[in-house]
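Remarks on the overall topology
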Amino acid sequence: MDREIELKLEGDAAALARLARLRSRAGLTRTKASAKTLRSVYFDTDDFALMAHGFALRVRHAGRARIQTLKTPRRNGGPLSDRGEWEHVLASGKDRPDINHLPPALRSQLVRLASNGDIAPRFVSVIRRSTSSLYTDDGGEIELVIDQGAIEAGDRALPVNEIELELKRGTRADLYRVALQLADIAPLRIAIRSKSERGRALARGEKAVAARAPALHITRGATLEDAYAIVLNHCLAHLLANQAAALDASAPEALHQMRVALRRLRSALLVFGRIIEGDAEDDFMREAKWLTRAIGRARDYDVFVSGTLAAAGEGFEGGKPDQPMQALAKLAVKRRDEAWAEARAVMAGPRATRFILRLALYLETHDWRTKATPARLAALEKPVAKFAADALDRRLKSVTKLARDIDALDIADRHELRKRLKKLRYAASFFTGLFAAEMTKSYLRRLTDLQNVFGSLNDLETAQAIVNELGRHGRRFVAPGAWLLSRHEAQAARDWHEALNMWSAFRSEPLFWH
């Protein structure tokens, strides 16, 4: 078995053409490229049971040769694909895979997964591939593959314009360093989905979907440094898991999840910043904040169109808005589409790509150790539980200090309280694995419910900003906007009374970290 460790990037035809002309440069030597056309047939059951469990089984046609390949599930959820790869050259005239050539354990696993259906061809990729080698000055070797072509399933097709950087010798960090150099030459974005994953979605007529952050597990024996790396890697994986759905499918929930991932990342940098701080961490904070804002306008318009405007229809006879409101809604949809176009350009742009690659390299090399003092290094190696409890105490103190006279809070203070509650929830979610499960679940449930009610305050603030923006397009949009805000303000007032009741319940909840 070979182990395949690769980083995949995507770009348009012009970007790939520019990279195809790449010559050796400072710190990087490139060999002459060879080109060939590859036709790969992917096999699975009717319900794609193999791919659903992370396997990809294909037969590649390379001239007269037929090469069977089984790729095993990925070992990580970050930018790199790290998986096992079993290859076998099939006998002449054989076009279908023969799982008898696999090790017994793998063969049994595939037989079990395929018990409800035959393994048969499901889709095809036809690729023109250019392959060369890149050598770094410190002895690293990376295979540079430029693939252009299509994935075909029946009468449907998807274009392929991607780059694969496969590690042949050296460290995983070499992949990120080379990718950063390539990103300086041509506009690229990180690609997470493999050809088999894209082909499966094409064959099933599915679009990429949003992904919520999975549960984060930090064990009780973890050091502070372990926890820091786990949390930041978790945030990065969450961000990348939603990129395809946001970029390719314009899925509102995916964009929302990307913002959540960025906010969680910023919260993590703040929480751990008492021990781990420096220029790199400050820069990541700035870039995460920039990206959050850059994609935020599209998310704000999504909420306004699908939430605020949709709910407004209930205020009209028969549920149908009058003409002025319809005109406002039409303009809002137009502005939302423009905001989405801007967000997609940012997400696929060079600044976002460099931010993600630099963060991934930082996590791979544990770069926070570079300038750490002996005292900081010692702190990094201590168990994280005490640090976590102290961090949660500080977050809670910040919340309760502002909410001491919660009945008297003005609108600005209510917004600030909402933000502090969110930071407390993110911090609590980082460390739940260190404490008793039942207590953490109960506390987080109370905190989440409270924060959701506070969310209406944010929706109102967003609606006010959007209504003001739309009003600048003509006086006819002012009156329906004002009516819309009056309804929203009334709902926010009701939600605030509910929040006051929920606050009392939340304050009586035992602190799971004590």
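Further up the page is the structure itself.
This structure is a prediction, so every number in the text was calculated from the model and none was measured. (Residues numbered from 1 in each chain as written. Predicted model: local features only at pLDDT ≥ 70, side-chain atom pairs only at ≥ 80, totals over all residues. Heavy atoms only, no water.)

**What to know about the environment of Asp407**
With respect to the helices and strands, the residue Asp407 is situated in the loop between helix H13 (384-402) and helix H14 (411-431). Along the chain, Asp407 and Trp496 lie 89 residues apart, while their C-alpha atoms are 9.7 Å from each other. (Helix = DSSP H or I, 4+ residues; strand = E, 2+ residues; numbered from the N terminus.)

**Remarks on the pattern of salt bridges**
Applying the stated criterion to the full structure yields 40 salt bridges. The partner of Arg3 in a salt bridge is Asp82, and the shortest N-O contact between them spans 2.6 Å. Residue Arg3 is located in strand E1 (residues 2-10), and its partner Asp82 is located in strand E6 (residues 80-89); the two are separated by 79 residues in the primary sequence. Of the residues examined, Arg3 reaches a relative accessible area of 45% and is grouped as partly exposed. Its salt-bridge partner being Arg286, residue Asp283 comes within 3.5 Å of it at the nearest N-O pair. Highlighted residues: Asp283 and Arg286, both in helix H9 (residues 279-312), separated by three residues, approximately one helical turn. Residue classification places Asp283 among the buried positions, given a relative accessible area of 18%. (Salt bridge = Lys/Arg side-chain N within 4 Å of Asp/Glu carboxyl O. Buried < 20%, exposed > 50% of the residue type's maximum accessible area, 1.4 Å probe, protein only.)

**Regarding the packing of aromatic side chains**
Under the defined criterion, the tally for this structure stands at 17 aromatic pairs. For the pair Phe272 and Phe387, a centre-to-centre distance of 5.5 Å together with 20 degrees between the ring planes defines the contact as stacked. Of the two residues, Phe272 sits in helix H8 (residues 252-272) while Phe387 sits in helix H13, which places them 115 residues apart along the sequence. With 5.2 Å between their ring centres and 65 degrees between their planes, Tyr362 and Trp368 make a pair best called edge-to-face. The two residues Tyr362 and Trp368 agree in class, both being buried. Here the aromatic cluster, defined as three or more aromatic residues joined through ring pairs, consists of Tyr228, Phe272, Phe284, Phe355, Tyr362, Trp368, Phe387, Phe430 and Phe431. Of note, Arg351 hangs over the ring of Trp290, and the distance from its end group to the ring centre comes to 4.0 Å. (Phe/Tyr/Trp six-rings, centres within 6.5 Å; stacked < 30°, edge-to-face > 60°. Lys NZ or Arg CZ within 6 Å of the ring centre and 35° of its normal.)

**What about the packing of H8 against H14?**
Contact geometry of H8 with H14 gives a least axis separation of 9 Å together with a crossing angle of 80 degrees. The orientation of H8 with respect to H14, classified from their angle, is roughly perpendicular. Taken together, the residues of H14 that come into contact with H8 (itself represented by Val260, Arg263, Arg264, Ser267, Ala268, Val271 and Phe272) are Lys422, Lys423, Tyr426, Ala427, Ser429, Phe430 and Phe431. In the contact of H8 with H14, the residues fall into eight nonpolar, two polar and four charged. (Axes fitted to C-alpha atoms, helices over the stretch in contact; angles between N-to-C directions. Parallel < 35°, antiparallel > 145°, perpendicular 65-115°, else oblique. Contact = heavy atoms within 4.5 Å. Nonpolar A, V, L, I, M, F, W, Y, C, P; charged D, E, K, R; others polar.)

**Topic: helix H4 (residues 172-185)**
Compared with an ideal rise of 1.5 Å per residue, which puts 14 residues at 20 Å, H4 spans 21 Å between its outermost C-alpha atoms and is within 8% of the ideal. By the criterion of burial, H4 is predominantly enclosed, with 10 of the 14 residues buried. Looking only at H4, the buried set comprises Ala173, Asp174, Leu175, Tyr176, Val178, Ala179, Leu180, Leu182, Ala183 and Ile185. (Expected span 1.5 Å × (residues − 1).)

**Looking at the pairing of E6**
Looking at chain direction, E1 and E6 are connected through six bridges and run antiparallel. Paired with Glu6 across the bridge in E6 is Ser81. Bridging between strand E5 (residues 65-71) and E6 involves five bridges; their strand directions are antiparallel. For Thr69, the partnering residue across the bridge sits in E6 and is Glu87. (Pairing = 2+ DSSP bridges.)

**Structural notes on the packing of H9 against helix H15 (residues 437-471)**
Orientation of H9 relative to H15, taken along the N-to-C sense of each, is 95 degrees, at an axis distance of 10 Å. It follows from the interaxial angle that H9 and H15 lie roughly perpendicular. The residues of H15 that touch H9, namely those facing Arg297, Asp300, Tyr301, Val303 and Phe304, are Asp459, Thr462, Ala463, Ile466, Val467, Glu469 and Leu470. Residue composition of the contact of H9 with H15, grouped by class: seven nonpolar, one polar and four charged.

**Some remarks on helix H1 (residues 13-20)**
Here H1 has its buried residues at Ala15, Leu16 and Leu19. Taken down its axis, H1 places every buried residue within 95 degrees of arc, on the same side. Buried residues along H1 sit against strand E2 (28-30), strand E8 (141-153), strand E9 (156-169) and H4. (Arc of directions from axis to C-beta.)

**What to know about the side chain of Ser130**
Position of Ser130 relative to the elements: it lies in strand E7 (residues 120-136). Look at Ser130 and you get buried, because its relative accessible area is 18%. Beyond its immediate sequence surroundings of up to four residues, Ser130 is in contact with Arg30, Ala33, Ser34, Ala35, Leu144, Val145 and Ile146.

**Points about the pairing of E9**
It is a general feature of regular strands that their side chains alternate between the two faces of the sheet. In this sheet, E9 lies alongside E1 in antiparallel orientation, the contact comprising five bridges. The residue bridging Leu9 from the neighbouring strand is Ile163, located in E9. One ladder, built from 13 bridges, connects E8 with E9; its direction is antiparallel. Along E9, the bridge assignment pairs Ile146 with Ile163. What sits between E8 and E9 in their antiparallel hairpin is a turn of two residues, with Gly154 showing a positive phi close to 65 degrees.

**Re the nonpolar core**
Formed by 135 residues in total, the largest nonpolar core has its most connected members in Leu165, Leu232 and Phe431. With 12 residues, H15 is the largest single contributor of residues to this core. When sequence neighbours within four positions are dropped, the list of residues in contact with Phe431 reads Ile218, Val271, Phe272, Val384, Phe387, Ala388 and Leu392. In this structure, Phe43, Leu50, Val59 and Ile119 belong to the second largest nonpolar core, which totals 16 residues. (Core = buried A, V, L, I, M, F, W, Y, C linked by side-chain atoms within 4.5 Å.)

**A look at a positive patch on the surface**
A contiguous patch of positive charge on the surface is contributed by Lys289, Arg293, Lys419 and Lys423. Looking at the positive patch, the elements that each hand over two or more residues are H9 and H14. Position of Lys423 among the secondary structure elements: in helix H14. You can call Lys423 partly exposed: its relative accessible area is 35%. (Patch = residues over 30% accessible without salt bridge, like charges linked within 9 Å, V, L, I, M, F, W, Y side chains within 5 Å. Areas by Shrake-Rupley, 256 points an atom, 1.4 Å probe, with all protein chains shown as cover. Lys, Arg positive; Asp, Glu negative; His and termini not counted. Charge placed at Lys NZ, Arg CZ, Asp CG, Glu CD.)

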